[in-house]
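# Fold and contact review
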Amino acid sequence: MNALHEQFVTEARDLIRRATDQLIALERYGASDEAASYVLRALHTLKGSAGIVELPAMSITLHAAEDLVAGLREGTLVADSDIIDAVMACLDQVSHWVDEFEAAGVLPFQAGEDGRAMAERLRSFLTNAAADPVAPASREPAGSAGELPSWIARLIAAISSMPEPPGHATAILYEPAVGCFYNGDDPLQLMRQVPGLAACHIEAREPFAALSEIDPYACNMRFQALSIAEREDISRIFRLVPDQVRLIGIPRQALPAANAAQPSLALVRNVLEAQREMLNVPGRKADLLGCIGSAVRAAANALRYGAPPELAEAVLRGGALATAQQTPAPLLEALEQALTALAAVPSTLSDTRLGQPQARATNEVERAADRVLRVGAAKVDALVNLAGELVVAKNALARSARRVEQELGGTEISRAVERDREAIERLVTELHGAVLQLRMIEAAQLFRSFPRLIRDVARQLDKKVALVTRGETTEFDKSIMDRLFEPMVHLLRNALDHGIENPEQRHAAGKPETATISIAASRAGDRLLIEVADDGRGIDPAAIRKRASENRLLAPDELDALTDEQAIDLVFSAGFSTAPALSDISGRGIGMDAVRSGIEQMGGRVALESWKGIGTTVRLDLPTTVSMSRIMLVETGGQLFGISMDAVSETVRVTPDRISRVKKNYGVILRERVVPIVSLAERMKLPERARDQAAPRLLVIVESAGKIVAFEVDAIRDRLDVVLKPMQGLLEGVRGFAGTTLLGNGQVLLVLDAKELLQ
Amino acid sequence: MTVHRTEAGVIILEGVCPVEDAEPLLQMLQRTPKAALDWTQCERMHTAVLQVILASGIAPIGRCGDTWVAQWVAPGLHKAAGD
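A brief structural summary. Computed from a prediction, not measured in an experiment: that's the story for all the values here.

Definitions and limits used
- Residues numbered from 1 in each chain as written.
- Chains lettered and ligands numbered in written order.
- Predicted model: local features only at pLDDT ≥ 70, side-chain atom pairs only at ≥ 80, totals over all residues.
- Heavy atoms only, no water.
- Axes fitted to C-alpha atoms, helices over the stretch in contact; angles between N-to-C directions.
- Helix = DSSP H or I, 4+ residues; strand = E, 2+ residues; numbered from the N terminus.
- Parallel < 35°, antiparallel > 145°, perpendicular 65-115°, else oblique.
- Left-handed = near helix turned anticlockwise from the far one by under 90°.
- Contact = heavy atoms within 4.5 Å.
- Nonpolar A, V, L, I, M, F, W, Y, C, P; charged D, E, K, R; others polar.
- Pairing = 2+ DSSP bridges.
- 1 Å grid on protein atoms, 1.4 Å probe; cavity = no way out; pocket = protein on both sides within 12 Å on 5 of 7 lines; lining within 4 Å.
- Points joined across faces, edges and corners; volume = space filled by probe spheres on them.
- Domains from an automatic or database assignment.
- Core = buried A, V, L, I, M, F, W, Y, C linked by side-chain atoms within 4.5 Å.
- Buried < 20%, exposed > 50% of the residue type's maximum accessible area, 1.4 Å probe, protein only.
- Buried area = accessible area lost by both parts, 1.4 Å probe.
- Salt bridge = Lys/Arg side-chain N within 4 Å of Asp/Glu carboxyl O.
- Polar contact = N/O pair within 3.5 Å; in protein donor to acceptor, adjacent residues only side chain to side chain.
- Phe/Tyr/Trp six-rings, centres within 6.5 Å; stacked < 30°, edge-to-face > 60°.
- Arc of directions from axis to C-beta.

A separate point is the packing of helix H1 (residues 3–29) of chain A against helix H16 (residues 450–461) of chain A. Residues and elements named next belong to chain A. In the contact formed by H1 and H16, the axes pass within 10 Å of each other and the chain directions differ by 45°. Comparing the axis directions of H1 and H16 gives the class oblique. The element H1 and its partner H16 pack so that their crossing is left-handed. Here H1 contributes Thr20, Ile24 and Glu27 to the contact with H16, which in turn contributes Pro451, Arg452, Arg455 and Arg459. A breakdown of the residues in the contact of H1 with H16 according to their chemical character gives two nonpolar, one polar and four charged.

Below you can see the structure in the form of structure tokens.
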């Protein structure tokens, strides 16, 4: 991806986001000239950029959206939800393409067709508006042959003159651009590649001028064709000229019924010959495998439908070989043999019809989240990591400096080392702080997708909701935002689904019909506070108790002992759901406990307050940066422990003969040092596992404050970056641990304090 | 040159006829619109070349060496020219 493409991706995402915001404003406050003009400008710029990076599919789609929004601005259309939905769907599609373009550098094969379909959907609003002068887009044929354009009917007639018509077909209308020859296009070459061609008609788009006045380099041709190949394979051929081609699915009933009484193999032979032709086109390297694939499919389909089954099998085998060897030769050979065999086949056909529906391969590119700052976030992360390592190196320098001080104390060199160490320490600390500051982003970035989310979900639930955000300029680390997004979505969905009443209920309760959800961000020292509040029905502690007892979350006497606040807190328990029926929006009973564990994993806390009939407020208290530590996960006595990687100097596996006994203690010689061996299980007062005395022992060498010990463990599981939480509550006074962390599976992991372990 | 004219006045397309052949072919046909056109030796033609043939309204001689054109274009062409 070159700089131009990168810039396009960044700019496109920004434009899509802004257009979406303004669309929501349009819907909520009516079509103000300003909002509509804004959307229009954004769409126009986007269309222009798409043209520059040569994504015609995107251009034609956006062009249609632009027409629609222009209608809104001029007042010929009303900004109702359906129209806003349609334009948003268009932006979603474009956004999806931008993701694909970023990932693959090209749009998916079906983009041209999808874009055209989307454009037609958008244009249908224009044609429905009676006052609008824009000519209706030609409609796709839907039902009977009577509705088919005459050129398609003509092509079908051409097939039905063959004894055996196909079961399904796609009509192709290809009108190459006038200047296409100058772009190096050869339309005929594209047509040659169309798989499963069953009929073809070539004509002049405008009647040819007299021979003396013809410009031989202005393309004035129109190609009309019918193919029985998969539509996807056809659109792949035309992927670079989606604006010049239309694919129209021919409904099965529009095709003449098969005449089983007069079976013939002419069509099958035609299809096979066409594939052979296509494969023989020279100079095809880039899409050779795609060609082989579509040729195999078209040929095998045709053979299945009108020939002995073993011929289709042979073609499939030939295709597999061709794909493996990356040359069409084996497939060509198979086609040749099939053609020869067909000549000898008795004219009885199987009943198998052509065109089994094939699952359309959705090359679903994982939807890349918006990860671009001004600089790619990965580069910033790399910088943050380097700064972190610099801090570690700085600590090592401090140790060396101390040694210099011990051995050469009072000398000039020792003072110089100390002076430089101090300077470096100060600079490194400042650098680390400044680099972390790079990742600071404003809360507005977190909030920006919520208006759309709330709008869509509220519409789905037939509720009226307004969103209020405060504290958009509050800064926090991007890694917090990345981890905060999902819990926030859960919270908002919960508020919309469970908290907010529908307009009738709100009316009956004497509340305004439009509910309010507010999100506020603020800083308190080095903590980030986020508050999500709704003015919905609130949580009823009695209902929570009832549900908890039904779900057997707690015993009846335990439930009775809870205060109302404690009862409300039960919504964070795993497997709790207050919605009477599961819904699409939330209420799978995984929402709130996922929120709590998500927040706690990054060292935060969640608190919930609710007043019945008045509303609910969820408060998130988070660090503004995530401080990570790297730990080694070890297993001993059947339990997992973490050891800070900073303290681990190495891990070794030694055979028992290398272990020597000194009085009651064991030791091993490593790098000319006697290192005492301590069983971690014994140290943690855990039962030791019975083991084979001859088996090698696994030792983790821990070094801290000048001491060294080899801890014997049963296994080393993993190395992890974790956020360490200090020991809290009951564990507060327990010694020997640096803190706890949550593992991915929700298990609490105790992280050992190396310094105390060595005491 | 993949397009040339014999002494007998027959225009011959030979081998792979690229886009550049459209102009000389057009010039030949402009000078002699009723000339016979032999495309049996043409292995593959560019759209621009085909366009000139279509625009001229003539029916070339024999089976087109470009098999795709022979299969999908020529039948219509002969019919149109014969009408």
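Bringing the sheet that holds strand S18 (residues 697–704) of chain A into the picture now. Residues and elements named next belong to chain A. Read across the sheet, six strands follow the order S14-S18-S19-S17-S16-S15 without closing on themselves; strand pairing throughout is mixed. Each of the sheet's edge strands pairs with one partner strand only, and the pair in question is strand S14 (648–654) and strand S15 (659–662). Taken pair by pair, the neighbouring strands of this sheet meet at an average axis angle of 35°, ignoring direction. Where S18 lies against strand S19 (residues 707–713), seven bridges are found, and the strand directions are antiparallel. Note on S19: the bridge partner recorded for leucine 698 is valine 713.

Here the focus is empty space enclosed by the protein. All names here are of chain A. Following the criterion strictly, the structure yields two cavities of 30 Å³ or more and no others. Space inside the largest cavity adds up to approximately 80 Å³. Considering the residues around the largest cavity, the lining is formed by Phe109, Gly112, Glu113, Arg116, Ser235, Phe238, Arg239, Pro242, Val245, Arg246 and Leu247. At the level of secondary structure, the elements contributing two or more residues to the lining of the largest cavity comprise helix H5 (111–128) and strand S4 (245–250). No fewer than three residues from each of domain 1 (3–128) and domain 2 (145–344) sit in the lining of the largest cavity. Estimated volume of the second largest cavity: approximately 60 Å³. Around the second largest cavity sit Thr636, Gly637, Ser679, Ala681, Glu688, Arg689, Arg691, Glu712, Val713 and Asp714, which together line it. Looking at side-chain class alone, the lining of the second largest cavity contains two nonpolar, three polar and five charged residues.

This part takes up the sheet that holds strand S9 (residues 527–534) of chain A. Residues and elements named next belong to chain A. Judged by pairing direction, the sheet is mixed, and its five strands sit side by side in the order S6-S8-S9-S11-S10 without closing on themselves. Of all strands in the sheet, those with a lone pairing partner are strand S6 (465–470) and strand S10 (605–611), marking the two edges. On average, each strand axis in the sheet is tilted by 15° relative to the strand beside it, whichever way the strands run. Two strands pair when backbone bridges link them, and S10 and strand S11 (residues 615–623) are joined in this way by seven bridges, in the antiparallel orientation. What sits directly across from alanine 607, in S11, is arginine 619. Packed on one face of the sheet, H16 meets S6 and strand S8 (515–524) and runs near 165° to S6. Where helix H17 (residues 478–499) meets the sheet, it contacts S6, S8, S9 and S11, and its direction lies at approximately 20° from that of S9.

Moving on to the nonpolar core. By size, the foremost hydrophobic cluster in this structure holds 57 residues, and its most contacted members are A:Ile202, A:Phe238, B:Leu13, B:Leu25, B:Trp39, B:Met45 and B:Trp68. When residues of this core are assigned to their parent elements, the largest contribution, seven residues, is made by helix H2 (residues 47–56) of chain B. If we ignore the near neighbours within four places in the chain, the residues touching B:Met45 are A:Asp186, A:Leu188, A:Arg192, B:Leu13, B:Cys17, B:Trp39, B:Leu50, B:Ile53, B:Cys64, B:Asp66 and B:Val69.

This next bit is on the interface of chain A and chain B. Across the contact, 29 residues belong to chain A and 25 residues belong to chain B. Contact with chain B buries surface across chain A, with A:Arg192, A:Leu211 and A:Tyr217 losing the most and accounting together for 28% of the total. Among the ionic pairs, B:Asp66 bridges to A:Arg192, the shortest N-O distance being 2.7 Å. Linking chain A to chain B there are nine residue pairs in polar contact (both at pLDDT 80 or more). Considered class by class, the residues forming the side of chain A that touches chain B number 19 nonpolar, four polar and six charged.

It is worth spelling out the packing of aromatic side chains at this point. Residue and element names in this part refer to chain A. Applying the stated rule across the entire model yields six aromatic pairs over all chains. Between tyrosine 174 and phenylalanine 223, the ring centres sit 5.6 Å apart and the planes meet at 25°, which makes this aromatic pair stacked. Here phenylalanine 223 lies in strand S3 (residues 221–227) and tyrosine 174 lies in strand S1 (residues 169–174), a separation of 49 residues in the sequence. The pair tyrosine 174 / phenylalanine 223 is uniform in exposure class, with both members buried.

Residue and element names in this part refer to chain A. Those residues of helix H19 (residues 541–550) not exposed but buried are Pro541, Ile544 and Ala548. Down the axis of H19, the smallest arc covering the buried residues is 55°, so these residues share one side. Where H19 is buried, its residues meet helix H20 (556–561) and helix H21 (564–569). Where H19 begins, the capping side chain belongs to aspartate 540, and its oxygen is found 3.1 Å from the backbone nitrogen of alanine 542. Within two residues after H19, arginine 552 carries a phi angle of roughly 50°, on the positive side.

With that settled, consider the pattern of salt bridges. Residues and elements named next belong to chain A. Summed over all chains, the structure comprises 41 salt bridges over all chains. Between arginine 452 and aspartate 456 there is a salt bridge, with its nearest N and O atoms 3.0 Å apart. Taken together, the residues span about one helical turn, with arginine 452 and aspartate 456 both in helix H16 at a distance of four residues. On the accessibility criterion, arginine 452 (18% relative accessible area) is buried. Each member of the salt-bridge network shares a partner with another, and the members are Glu27, Asp82, Asp85, Asp92, Arg452, Arg455, Asp456 and Arg459.

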